[in-house]
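Coordinates in review
What follows is the residue order along each chain.
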Amino acid sequence: MINMIFIIGPMGVGKTAVGIQLSKDIGFDFFDTDDPYLWYDYIPNKYNNLYWDDRDKYHEIEKKVLRDCIENKSKNNRIISTGGSTVRIYENRKNIINNGIVIYLYADFDNLNFRRKLHDNSKFRDWWNNIMLTKNSREDLVSFQKDIESDYDFADLKIDTNGKSIEEISLEIQKWIF
């Protein structure tokens, strides 16, 4: 019996939206490691800029938040949506692999770029805008995306989200799991 599902992928691919839908569909609890409330015990007020201000501290707290979600006291079945950079840390990948099944959501560059520009989370938009400022061209941005794709290779299931609704993706996951 599967009791923990991890949803991984780059920023803007729909991990949170899919996780929320899937949790409703199958009755699992949902946790998003990017939820500021989960970070509050570790950093009460500088969450939005921490990634840029102190990346090492950001990743240390990210590890703790992931561990908190995995070790949640309720012990209910759960879906954990991770931040886009969570899997770049070896300890996080190990915790994810050892504790559940892993679903990797991906999309092509143009879809991700479109979604990132529309995102309602200021932390997310700020991150993407900073990336865009450091890259000189569309080719640089596409290359950046290609460079991080290998970070997700360990997933049990890989789903192309291009042209699919949240409901369709949730159903695809359910068919694979059950």
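Everything below is about the structure printed above this text.
Residues numbered from 1 in each chain as written. Predicted model: local features only at pLDDT ≥ 70, side-chain atom pairs only at ≥ 80, totals over all residues. Heavy atoms only, no water.

**Details of the overall build of the protein**
For the protein, the helix and strand inventory stands at nine helices and five strands. Its helices and strands taken in sequence order, the protein reads β-α-β-α-α-α-β-α-β-α-α-α-β-α from the N to the C terminus. Per-residue burial over the protein gives 46% buried out of 178 residues. Partitioning the contacts of the protein with sequence separation of at least 6, the portion at a separation of at least 24 is 72%. (Helix = DSSP H or I, 4+ residues; strand = E, 2+ residues; numbered from the N terminus. Buried < 20%, exposed > 50% of the residue type's maximum accessible area, 1.4 Å probe, protein only. Contact = heavy atoms within 4.5 Å.)

**Describing the sheet that holds strand S2 (residues 29-32)**
Reading across from one edge, S2-S3-S1-S4-S5 is the order of the five strands in this open sheet, with parallel pairing throughout. The two strands at the open ends of the sheet, each matched to only one other strand, are S2 and strand S5 (157-160). Neighbour to neighbour, the strand axes of the sheet diverge by 20° on average, direction disregarded. Direction of pairing for strand S1 (residues 4-8) relative to strand S4 (residues 101-106): parallel, over a ladder of four bridges. In the sheet register, isoleucine 8 faces S4, and the bridge partner there is tyrosine 104. The sheet strands contacting helix H4 (residues 55-70) are S1, S2 and strand S3 (78-81), and the helix crosses S3 at an angle near 170°. Along the sheet, helix H5 (residues 90-99) contacts S1 and S4; its crossing angle with S1, the most-contacted strand, is approximately 140°. (Pairing = 2+ DSSP bridges. Axes fitted to C-alpha atoms, helices over the stretch in contact; angles between N-to-C directions.)

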